[in-house]
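# Reading the structure
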Amino acid sequence: MRAATLDELTGDQGSPPRVPLPAGKVIAVALIALLVGALLNAAGLRKNALGQPVGWKRDVAKLVATPIYDVSHALYLDRLRVEFKSLLGRSSDDAVNNRLPSPTIHSPTLGATPTTLPPRQAFTPQHMLRLWIGGDSLGDTPGQSLINDATATGAVGIVGPVDTHIATGLARPEVFNWPNYLDEVLTADQPNAVVLTLGANDDQTLTGDNGGETFGSPAWQAEYSRRIGGLMDSILGLASHPRLFMVGIPPIRDMGRYLNDYVLINNIFKTQAAMRPGRVYYVDTAPVIGARTPTGYTYTDGLPNPDGTVTQVRSGDGIHFTRAGGDLVANAILQQMEQAFDLTSWKTAPTTTTKPGQHTGATTTTRGHPTTTTRRP
Amino acid sequence: MLFPTITFAIFFMVVLPTSWILMHKRFQWQLFILAASYFFYGYYDWRFIFLLAGSTLVNQIVALQIHSNERENVRRAWLAVGVAANLAGLGYFKYYGFFVSNATNLLHRLGLGVSPTVPAVLLPIGISFFTFQAMSYIIDVYRKTFEPRGLLEFAVYLSFFPHVVSGPIVRAAEFLPQLRERHDPRKVDSSRAFYLIFVGLFKKVVIANFLGTNFVDIVFANPRQHSSLEVLVSVYAYAVQIYADFSGYTDMAIGLALLLGFRFPQNFDSPYTALSLQDFWRRWHMTLSRWLRDYLYVPLGGNRRGKWQTYRNIMITFLLGGLWHGASWTFVVWGGIHGTFLSYEHWQSTRRAASHHHQVPDSWRRRMLRRFVIFQVVCVAWIFFRAESFSNAAAVITRIFDPSHWVAGAPLVTGGVLLAIAAGIGEQYIPRDAIAKLMSRFSRYSPVAQGLVLGVAFLVINSMGPRGVAPFIYFRF
């Protein structure tokens, strides 16, 4: 068999003649295209520049993108993109919003005397709990698993798909403003429970309101606590009075980063959750997905099954979860949810005894640790 | 470094003029393009550079040994060493965890309980592509259809940045002679190059990313939560997503190489217009199909050794072709579906030929019916390709055929999703002549007009695409 020639393989035989350009003109065409493209997309370019990790690359990108945006805006060239985005229903894509809400509670109740907590609401297939799940990319796989687990209770309905946005958090509101986004989405959805996975992208210098602090400094911790607290309170302030489940960051293969960065962030989550007992629950993922050591939990790719086989629970990057890992985290979240809500008594209770939203137990806290006194069927 | 990023645009705008300035100085050009390609490849992870350089060295030594020896058994032994080294590298980086976990589970079933910790091996990007290219080089040298070149030329061939991470799989005989050709800087086929780059960008950034993030990923992650219609449409959407993603990448790769003065073979030729599965494989990932045909199927005996041997060879080729795509049994099943249907087509055609069966007259309706049937077969196989496990694939299939969910709503099947699917399939039915005329007309525009048109194209693509660029599906293969 005759081997095909390259001319035949390119799939360009018999085409009408084209006018070739000299290399210099090709470069000119490319430069004009990039310049025109940059001017027309200036708003998106500026947003991309601001979204770079804090450092010299971001500074350079800002230095280039800002004057391009200014020129484009002055010449009304950015209007084309604005109109086009509006046509697509995505007008807010290029918006840069640095505003981050502050907490509405100021006195920590951590370590306080036992307090009567919000009632443990009951939900039934007739009156389903509205569950919203979202966060950064770490929330994706567990979120999908949670959809299966939670809906299997028969008393939980999911509000939309798992709403994750990769490489986002609270450190960089100009990249993605979670409080602003959640305000829009949750106000419309009015969920009873919110499962939020954040923090894994936040071990960096803060930008936006009160930004500029380098990671880990006391000022950083204070500002990050303010942001987390503000986010929690804005969610709790919804008309549906949802419970919030903050999912902690699990040990990752880079244990140095976990111990230095993520433990600090988890502790802030934990502290802020404890300041809102019975309304915000911190879900600790380390015991669920980590390998036990004498000093705590460490990263592991796989966990042993009862029959001795090993199931891989983490994906190849050493950060995200496999489906099996996602199932484990989802299970831990659901257990916490069952502390806050009664999702099961409808299965055995007489039809008239459990009314939608009825208080079926009292949850109290002692030194910040919630305990449940529930009338189990 | 991903093609549709500002970082790559800056990188390319440095490489393009420098490349043309140095083009007439062969040695300097080769050094420059090698450095640029290694920079491009190392941008993902600098450690991968050593793997690429190691592969280059080993394969060059093997090729020279094969070439310098006259004795057949020595040549064959060196070829075996080369093939084994390439497969060992691929096996370690890509399949180690897969083999260990499967072996562990098998031993457990046999009552021999061992629980080794499976070390996570980082998968070097593009390893499947450059390994196959290196293998074609040493096999061609062994077959005496190609003489080995100098180390620098071979290194440029293996690492050339437009094709290093995701193909097309360009053979040494197609690329290396171009290194010695005189490239005329006054005649760059820029209109075809720009067409391919911008169509590739549109396919990737607009169609593939939109369908992937807004629809396919959501449905496949949890098929039991969606209606039959949503799941069914998600399978078609994935067929379009993977086509737009992969063909978009190779379109860009071919266009970028063309701007640098190099021609690559075509990799996709309207695959969803195929009239048979054999026809599909002449149109889908054409460079891989040719590679599997010439370096696996034909050496196994092809169709020359009788009916059953032919079926066996088809199945082996496609099962291994499936495994090439990833370390998972779902990919093997994907290959098995294709192999089985191709064997069926082969059986049918030989039966027709033997019985002098009357040829049914071709008609427009008949062609459309055949296209429809082949598209369904391809889509069934895609379910296994996309699913993360057999249970996930089973959930997709059972949900499609579950009558209790046929009447449920399909809120995810929006007008945008249907439009993207229609665009991805419709694009393949645009007559080739019309595209050729479009490129020809564009080539007659002045450079300023060309730049303006392309600038507006940037606006459309950038505005329609989601923020950020999802990694290309084929990067992990």
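Residues numbered from 1 in each chain as written. Chains lettered and ligands numbered in written order. Predicted model: local features only at pLDDT ≥ 70, side-chain atom pairs only at ≥ 80, totals over all residues. Heavy atoms only, no water.

## Brief notes about the overall build of chain B
Applied cut-off: Per the convention used, a helix needs a DSSP run of H or I reaching at least four residues, while a strand needs a run of E reaching at least two, with both numbered from the N terminus. Computation of the radius of gyration draws on C-alpha atoms alone. For the globule rule, the value is 2.2 Å times the number of residues to the power 0.38. We call a residue buried when its accessible area falls under 20% of the maximum for its residue type, exposed when it is over 50%, and partly exposed in between, using a 1.4 Å probe and counting protein chains only. In what follows, residue pairs with any heavy atoms lying within 4.5 Å of each other are defined as contacts. Areas reported as accessible are Shrake-Rupley estimates using a 1.4 Å probe. Residue values count occlusion only from the protein chains shown. Residues scored as charged are limited to Lys and Arg (positive) and Asp and Glu (negative), so that His and the chain ends carry no count. For the purpose of locating charges, the reference atoms are NZ of Lys, CZ of Arg, CG of Asp and CD of Glu.
What chain B contains, in helices and strands, is 18 helices and zero strands. Over its C-alpha atoms chain B spans a radius of gyration of 24 Å, differing by no more than 12% from the 23 Å that the globule rule assigns to 477 residues. Counting only residues that meet the buried cut, chain B has 54% of its 477 residues in that class. Taking as baseline every contact in chain B between residues at least 6 positions apart, the subset at least 24 positions apart corresponds to 77%. For chain B, the computed accessible surface area is about 20,700 Å², with 65% contributed by carbon and sulfur atoms. Across chain B, the mean location of the 44 positive side-chain charges is 3 Å away from that of the 23 negative side-chain charges.

## So, the overall build of chain A
For chain A, the count of helices and strands is 11 helices and 15 strands. The 377 residues of chain A split such that 48% are buried. Nonlocal contacts in chain A, meaning residues at least 24 apart in sequence, comprise 72% of its contacts between residues at least 6 apart. Surface accessibility of chain A: about 16,800 Å² in total, with carbon and sulfur atoms responsible for 58%.

## Topic: the side chain of T56 of chain B
All names here are of chain B. Heads up, the condition is: Polar contacts, as used here, are pairs of N or O atoms within 3.5 Å; protein pairs need one atom able to donate a hydrogen and one able to accept it. Residues neighboring in sequence count only if both atoms are side-chain atoms.
With respect to the element layout, T56 can be found in helix α3 (residues 48-68). A polar contact of 2.7 Å, which involves the side chain of T56, links it to the backbone oxygen of L52. Residue contacts for T56: discarding those within four places in its chain leaves Y38, L151, F154, A155 and L158.

## Focus: the pattern of salt bridges
Residues and elements named next belong to chain A. Operational definition: Salt bridge, as used here, is a side-chain nitrogen of Lys or Arg placed within 4 Å of a carboxyl oxygen of Asp or Glu.
Applying the stated criterion across every chain, the model contains 28 salt bridges over all chains. Here K85 makes a salt bridge to D93, at a shortest N to O gap of 2.8 Å. For D93, a relative accessible area of 17% translates into the label buried. Each of R58, R172 and E174 takes part in a single network of salt bridges with overlapping partners.

## Some thoughts on the interface of chain A and chain B
The cut-off we apply is this: Buried area is understood as the total, over both parts, of accessible area removed when two parts are fitted together, assessed with a 1.4 Å probe. Only Asp, Glu, Lys and Arg are considered charged, only Ala, Val, Leu, Ile, Met, Phe, Trp, Tyr, Cys and Pro nonpolar, and every remaining residue, Gly among them, polar.
Listed by partner, the interface residues are 53 residues for chain A and 60 residues for chain B. Where chain A abuts chain B, roughly 4,900 Å² becomes buried across the two surfaces, and 63% of that area is made up of carbon and sulfur atoms. In this assembly, chain A and chain B are joined by two salt bridges. Close ionic contact of R323 of chain A with E388 of chain B constitutes a salt bridge, the shortest N to O distance being 2.8 Å. Here chain A is connected to chain B by 16 residue pairs in polar contact (both at pLDDT 80 or more). Elements represented by at least two residues in the side of chain A that touches chain B include exactly α1 (6-9), α2 (23-40), α3 (42-50), α5 (78-87) and α6 (140-152) of chain A. Counting residues per element, the side of chain A that touches chain B draws most heavily on α2 of chain A, which supplies 13 residues. Among the residues making up the side of chain A that touches chain B, the classes are represented as 28 nonpolar, 11 polar and 14 charged.

## Regarding the pairing of strand β7 (residues 243-247) of chain A
Within a regular strand, side chains alternate between the sheet's two faces. Residues and elements named next belong to chain A. Under the convention used in this document: Pairing between strands is defined by DSSP: at least two bridges between them are needed.
Extensive coverage of β7 is indicated by the burial of five of its five residues. Of the two faces of β7, both are covered, the one formed by R243, F245 and V247 as well as the one formed by L244 and M246. The sheet contact formed by strand β6 (residues 193-197) and β7 spans five bridges and is parallel. In the sheet register, A193 faces β7, and the bridge partner there is R243.

## Quick notes on the confidence of the model for chain A
Low-confidence regions, as indicated by low pLDDT, have predicted coordinates that should not be scrutinised in detail. To be explicit about the condition: Residue-level confidence of the predictor is what pLDDT reports, using numbers from 0 through 100.
For chain A, the mean per-residue pLDDT works out to 85, and 89% of the residues sit at or above 70. The model gives residues 110-114 of chain A a pLDDT under 50, and that stretch makes eight contacts with residues more than four places away or in other chains.

## Things to note about the packing of α2 of chain A against helix α18 (residues 447-464) of chain B
Operational definition: Note on method: axes are straight lines fitted to C-alpha atoms, helices fitted across the in-contact stretch only, with angles between N-to-C directions ranging 0 to 180 degrees. Here is the rule for angles: anything less than 35 degrees is roughly parallel, anything more than 145 is roughly antiparallel, 65 through 115 is roughly perpendicular, and the remaining ranges are oblique. Handedness of a crossing is defined here by the sense of rotation of the near helix relative to the far one, left-handed for an anticlockwise turn of less than a right angle and right-handed for a clockwise turn.
α18 of chain B packs onto α2 of chain A with a crossing angle of 40° between their chain directions and a minimal axis gap of 7 Å. One way to sum up the angle between α2 of chain A and α18 of chain B is to call them oblique. As for how α2 of chain A packs across α18 of chain B, the hand of that crossing is right-handed. Together, K25, V29, I32, A33, L34, V36, G37 and L40 of chain A of α2 of chain A and P447, V448, Q450, G451, L452, L454, G455, V456, F458 and L459 of chain B of α18 of chain B make up the contact between the two elements. Residue composition of the contact of α2 of chain A with α18 of chain B, by class: 13 nonpolar, four polar and one charged.

## Quick word on the nonpolar core
The line we're drawing: Within this scheme, the nonpolar core is defined by two criteria: the residues are buried Ala, Val, Leu, Ile, Met, Phe, Trp, Tyr or Cys, and they are joined through side-chain atoms within 4.5 Å.
Within the largest apolar cluster, 145 residues are counted, with the highest numbers of intra-cluster contacts made by Y272 and W382 of chain B. Considering each element in turn, this core owes the most residues, 19 residues, to helix α9 (residues 228-259) of chain B. In contact with Y272 of chain B, other than residues within four places in its own chain, are A239, V240, I242, Y243, F280, W284, F375, V378, W382, Q428 and Y429 of chain B. If you look at the next biggest cluster of nonpolar residues, it comprises 69 residues, including A193, Y258, Y299 and L343 of chain A.

## Observations regarding the packing of aromatic side chains
Aromatic ring pairs are described here by two measures, namely the spacing of the ring centres and the angle between the planes. All names here are of chain B. In plain terms, the rule: Within 6.5 Å between ring centres, the rings of Phe, Tyr and Trp (the latter by its six-membered ring) count as paired, and their orientation is classed by plane angle as stacked under 30 degrees, edge-to-face over 60, tilted in between.
One pass over the full model with this rule turns up 68 aromatic pairs over all chains. Ring geometry for W29 versus F262: centroids 5.4 Å apart, planes at 20°, classification stacked. You can see W29 sitting in helix α2 (residues 26-42) and its partner F262 sitting in the loop between α9 and α10 (277-283), a full 233 residues away along the chain. Summarising the burial analysis for this pair, W29 and F262 share the class buried. With 5.5 Å between their ring centres and 80° between their planes, W308 and Y311 make a pair best called edge-to-face. With W308 and Y311 both in helix α12 (residues 307-325) and three residues apart, the pair spans about one turn of that helix. Classification of W308 by relative accessible area gives exposed; the value is 65%.

## As for the pairing of strand β3 (residues 129-135) of chain A
All names here are of chain A. Rule in force here: With strands facing away from the observer, any crossover in which the path from the first strand over the helix to the second runs clockwise is taken as right-handed.
Where burial is concerned, most of β3 is hidden: six out of the seven residues are buried. One ladder, built from three bridges, connects β3 with strand β4 (residues 156-158); its direction is parallel. What sits directly across from L129, in β4, is V156. The parallel pair β3 and β4, bridged by α6, forms a crossover whose chirality is right-handed.

## Overview of the environment of H67 of chain B
Residue and element names in this part refer to chain B. With respect to the helices and strands, H67 occurs in helix α3. Between the C-alpha atom of H67 and that of A88, which follows or precedes it by 21 residues, the distance is 23 Å. The contact partners of H67, leaving out residues within four places of it in the chain, are R75, V141, E147 and P148.

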